[in-house]
Amino acid sequence: MNQLRKKIVLSGMRPTGPLHLGNYVGALRSWLKLQDTHRCFFTIVPWHALSSEYENPKVIKDFTFEVALDWLSAGLDPEKSVLFIQSEVKEHAELHLLLSMITPLAWLERVPTFKEQQQELQDRELNTYGFLGYPLLQTADIIIYKAEVVPVGEDQAFHIELAREIVRRFNRFYGEVFPEPQILLTEVPKLAGTDGRKMSKSYNNAIYLKDSPDTIKKKISPMITDTRRKRRSDPGEPTDCPVFTLHRAFVNEKKREELAAGCRSATIGCLDCKKVVIDTLIEEFAPLREKRAYYLKHPGLVWEIFEEGSRKARKAAQETMEKVRQVMGLKLPLKDKAEEKI
Ligand code: TRP
Ligand code: SF4
């Protein structure tokens, strides 16, 4: 391989519906940059969604579509990156199965998200085989493309560490097939939602990328600010203000410093301060809303793009699986290839 070869990136998102500002800052924004410097694979992962939402499969199609819409509207570009749907590339499932043969149970049981999520989602049975295997499926997603870089938030760090361990184990048994993927931590300035808690779809406090200017205004205007600022003449502290988490993620530094100073000296009011971030968000996401409206009118185009992406991904995945089957002793002298059978 020459030194100019672009490094391979893979990242994924569960289809959970329209994306909010937190998803944008925590993932999409860094993916958009990587498109120009890396060979990127970005995947929507219905199988991961099913591992916890198996009782409610009806939403998967709609949610996959919403995520696909937001990706394209935000500027993920099928000319630059491979945009695809995990469950359309069945090779991921085959690799997941084969990896399950070499993965000690204890490695999966000690993944913190396993117990944490079970605690958090007590209304469902999550002591399942599939849920335990969630990070192993994620490993398959990553290594089947021989990805070297995985841009994710801190919450996924343990999963990537597991992927590295699996790769080392696999390579020790069967030879150097996979590179060890490296985590690329996306800085995640914690965004507050409209109720001041962490922005999250499940708290019903999120501002969505697709929100209209009017909705953005209506959501941010009544947000609580630093409680010290009871009156306009009371000075405040931006670091104690939920609204200012939005400034930190979206307003340029110079403007932001001005506002912070104005807050501390009580020379601006909270409404003035909110207006700046409201206007910034409206402007920043104007092109996104426009593109989104276009794709919404042409849903067939969205599906086509992901179909084509899935085809490209499948080709890469199949190449890897040829090698995997060979090193794991699964190449038999049969004429028919399994894939060619009807
Ligand atoms: N587990 C990831 C999340 O919840 C989603 C995911 C699935 C993923 N497969 C992946 C992320 C592969 C990075 C690489 O956010
Ligand atoms: Fe928050 Fe801005 Fe009000 Fe200060 S002026 S409390 S940073 S909204």
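Residues numbered from 1 in each chain as written. Chains lettered and ligands numbered in written order. Predicted model: local features only at pLDDT ≥ 70, side-chain atom pairs only at ≥ 80, totals over all residues. Heavy atoms only, no water.

## Details of the site of ligand 2
Here is step 1: Neighbouring residues of ligand 2: Thr225, Asp226, Arg229, Pro238, Cys241, Phe244, Cys263, Cys270 and Cys273.
Here is step 2: Per-class residue counts for the shell around ligand 2 are six nonpolar, one polar and two charged. (Near = heavy atom within 4 Å. Nonpolar A, V, L, I, M, F, W, Y, C, P; charged D, E, K, R; others polar.)

## Side note on the side chain of aspartate 70
Here is step 1: Considering the arrangement of structural elements, one finds aspartate 70 in helix 3 (residues 59–74).
Here is step 2: Apart from residues lying up to four places away in sequence, aspartate 70 is in contact with Pro18, Leu19, Leu28, Leu209 and Arg292. (Helix = DSSP H or I, 4+ residues; strand = E, 2+ residues; numbered from the N terminus. Contact = heavy atoms within 4.5 Å.)

## Focus on unusual backbone geometry
Where the residue is not glycine, phi is negative for most of them; where a peptide bond is considered, it is trans in most cases.
Here is step 1: A positive phi is found at lysine 146, a non-glycine position, where the angle reads about 55°.
Here is step 2: Counting through the fold element by element, lysine 146 comes out in the loop between helix 8 (134–143) and strand 4 (149–152).
Here is step 3: Although it is not a glycine, asparagine 204 sits at a positive phi angle of roughly 60°.
Here is step 4: Within the fold, asparagine 204 resides in the loop between strand 5 (182–185) and helix 10 (213–220).

## Quick look at the site of ligand 1
Here is step 1: Around ligand 1 sit 13 residues, and of these Arg14, Tyr134, Gln138, Asp141 and Gln156 come closest.
Here is step 2: Side-chain polar atom of arginine 14 to an oxygen atom of ligand 1: 3.2 Å apart, as the coordinates give it.
Here is step 3: At 3.0 Å, a side-chain N or O of glutamine 156 approaches a nitrogen atom of ligand 1.
Here is step 4: For ligand 1, the accessible surface in isolation is 370 Å², of which the surrounding protein chains cover 92%.
Here is step 5: For the shell around ligand 1, the elements supplying multiple residues, two or more each, are strand 1 (8–13), helix 8 and strand 4.
Here is step 6: When residues of the shell around ligand 1 are assigned to their parent elements, the largest contribution, four residues, is made by helix 8.
Here is step 7: Here the residues of the shell around ligand 1 sort into six nonpolar, five polar and two charged. (Polar contact = N/O pair within 3.5 Å; in protein donor to acceptor, adjacent residues only side chain to side chain. Areas by Shrake-Rupley, 256 points an atom, 1.4 Å probe, with all protein chains shown as cover.)

## Details of the nonpolar core
Here is step 1: Formed by 56 residues in total, the largest nonpolar core has its most connected members in Leu21, Leu28, Trp71, Ile220, Leu246, Phe250 and Phe306.
Here is step 2: At eight residues, helix 1 (residues 21–37) tops the list of elements feeding residues into this core.
Here is step 3: Counting only domains with at least three residues in this core, you end up with domain 1 (2–189 + 299–337) and domain 2 (201–288).
Here is step 4: Aside from chain neighbours lying at most four places away, what touches isoleucine 220 is Ile207, Leu246, Lys274, Val277, Ile278 and Leu281.
Here is step 5: In this structure, Leu98, Phe114, Ala313 and Met328 belong to the second largest nonpolar core, which totals 38 residues. (Core = buried A, V, L, I, M, F, W, Y, C linked by side-chain atoms within 4.5 Å. Buried < 20%, exposed > 50% of the residue type's maximum accessible area, 1.4 Å probe, protein only. Domains from an automatic or database assignment.)

## Concerning the packing of helix 1 against helix 3
Here is step 1: Relative orientation of the contacting elements helix 1 and helix 3 amounts to 45°, with a least axis distance of 11 Å. On the basis of their axis angle, the class for helix 1 and helix 3 is oblique. Between helix 1 and helix 3 lies a crossing whose hand is right-handed. Seen from helix 1, the contacting residues are Leu28, Trp31 and Leu32; seen from helix 3, they are Asp70, Trp71 and Ala74. (Axes fitted to C-alpha atoms, helices over the stretch in contact; angles between N-to-C directions. Parallel < 35°, antiparallel > 145°, perpendicular 65-115°, else oblique. Left-handed = near helix turned anticlockwise from the far one by under 90°.)

## Quick word on the pairing of strand 3 (residues 82–85)
Here is step 1: Both faces of strand 3 are covered, namely the face carrying Val82 and Phe84 and the face carrying Leu83 and Ile85.
Here is step 2: Bridge count for strand 2 (residues 39–44) against strand 3 is four bridges, and the pairing is parallel. Paired with phenylalanine 42 across the bridge in strand 3 is leucine 83. (Pairing = 2+ DSSP bridges.)

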